[in-house]
Amino acid sequence: MAKIIVTRDGLVERQVQLGKERMTIGRHPRNDIVLTHPAVSGEHAVIVTILDDSFLEDLHSTNGTFVNGHRIGKHFLQHQDVIKMARFQVEFLADGVRPSMAAEPLLAHIEVLNGNNAGKQMALTKPQTTLGRAGVQVVVVERRPDAYTLTHSEGAQAPLVNGVALGEQVWRLADGDVIDLGGTRMAFRIG
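Residues numbered from 1 in each chain as written. Predicted model: local features only at pLDDT ≥ 70, side-chain atom pairs only at ≥ 80, totals over all residues. Heavy atoms only, no water.

Caption draft 1: Region of interest: the nonpolar core. Core analysis: the biggest nonpolar cluster contains 22 residues, and Ile-4, Leu-35 and Leu-56 have the highest contact counts within it. Where this core is concerned, the elements lending two or more residues are strand 1 (3-8), strand 3 (22-26), strand 5 (45-50), strand 10 (82-85) and strand 11 (88-93). Looking at this core, the element that brings in the most residues is strand 11, giving three residues. With residues up to four places along the chain from it excluded, the contact list for Ile-4 reads Arg-14, Gln-15, Val-16, Leu-18, Ile-33, Ile-47, Val-90, Glu-91 and Phe-92. Core analysis: the second largest hydrophobic core is formed by 16 residues, Val-112, Leu-124, Tyr-148 and Leu-181 among them. (Core = buried A, V, L, I, M, F, W, Y, C linked by side-chain atoms within 4.5 Å. Buried < 20%, exposed > 50% of the residue type's maximum accessible area, 1.4 Å probe, protein only. Helix = DSSP H or I, 4+ residues; strand = E, 2+ residues; numbered from the N terminus. Contact = heavy atoms within 4.5 Å.)

Spelled out as structure tokens, the structure:
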């Protein structure tokens, strides 16, 4: 059964199994999936699932429905399509597409360990997330079906992972890995 992951401002709010043939999305409580934000229309969109295929349709919403950056009227949903409605990002995960080694796609986040932002978390829901300051030191966290990887992409000084300089290799992240970007320490967490 396909499902969606709803995030707002980078934080995962919930996962919803698409268990009904027709599931409405909107601001009003009568919807199957309620997104509380003034820019979301009362009845914003609908996902219709027939057998293994799911379709997204905008219900003439005021601010529109976007899939992978493009405004849509109707759209045939494909695995990892990213739907945008107001401040909400909704990722569509099709059933039967996951690799056999992983029963569920990994969900992870970065937690800041020190400084003014200590305790803040950022969900890693996009295919690629960049961390750091442009021109100084930047790393890219890539979300793959079965793992997350870290790559140094910018800056003269190599970031540290668990106290070891990253260099030019791709690092496969493990739960609890500590990333140090110019003194800002962050922990990679699964779940």
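Anyway, onward from the coordinates.
Caption draft 2: Layout of the sheet that holds strand 6 (residues 53-58). The strand order 4-3-5-6-9 describes an open sheet built from five strands, whose pairing is mixed. The open sheet terminates on both sides in strands that have one partner only, identified here as strand 4 (33-34) and strand 9 (74-76). When strand 3 meets strand 5, the two strands line up antiparallel, connected through four bridges. Directly across from Ile-25, in strand 5, lies its bridge partner Ala-45. (Pairing = 2+ DSSP bridges.)

Caption draft 3: The arrangement of a nonpolar patch on the surface in detail. Taken together, the side chains of Ile-50, Leu-51, Phe-55 and Phe-76 present a nonpolar region at the surface, about 430 Å² in accessible area. Position of Ile-50 relative to the elements: it lies in strand 5. Residue class for Ile-50 comes out partly exposed when judged on its relative accessible area of 47%. (Patch = residues over 30% accessible without salt bridge, like charges linked within 9 Å, V, L, I, M, F, W, Y side chains within 5 Å. Areas by Shrake-Rupley, 256 points an atom, 1.4 Å probe, with all protein chains shown as cover. Salt bridge = Lys/Arg side-chain N within 4 Å of Asp/Glu carboxyl O.)

Caption draft 4: Representation of unusual backbone geometry within the structure. Positioned with a positive phi, Asn-68 is a non-glycine residue whose angle comes to about 50°. Along the chain, the position of Asn-68 falls in the loop between strand 7 (65-67) and strand 8 (70-72). Of note in the backbone geometry, Ala-86 takes a positive phi value of approximately 55° without being a glycine. Mapped onto the fold, Ala-86 is located in the loop between strand 10 and strand 11.

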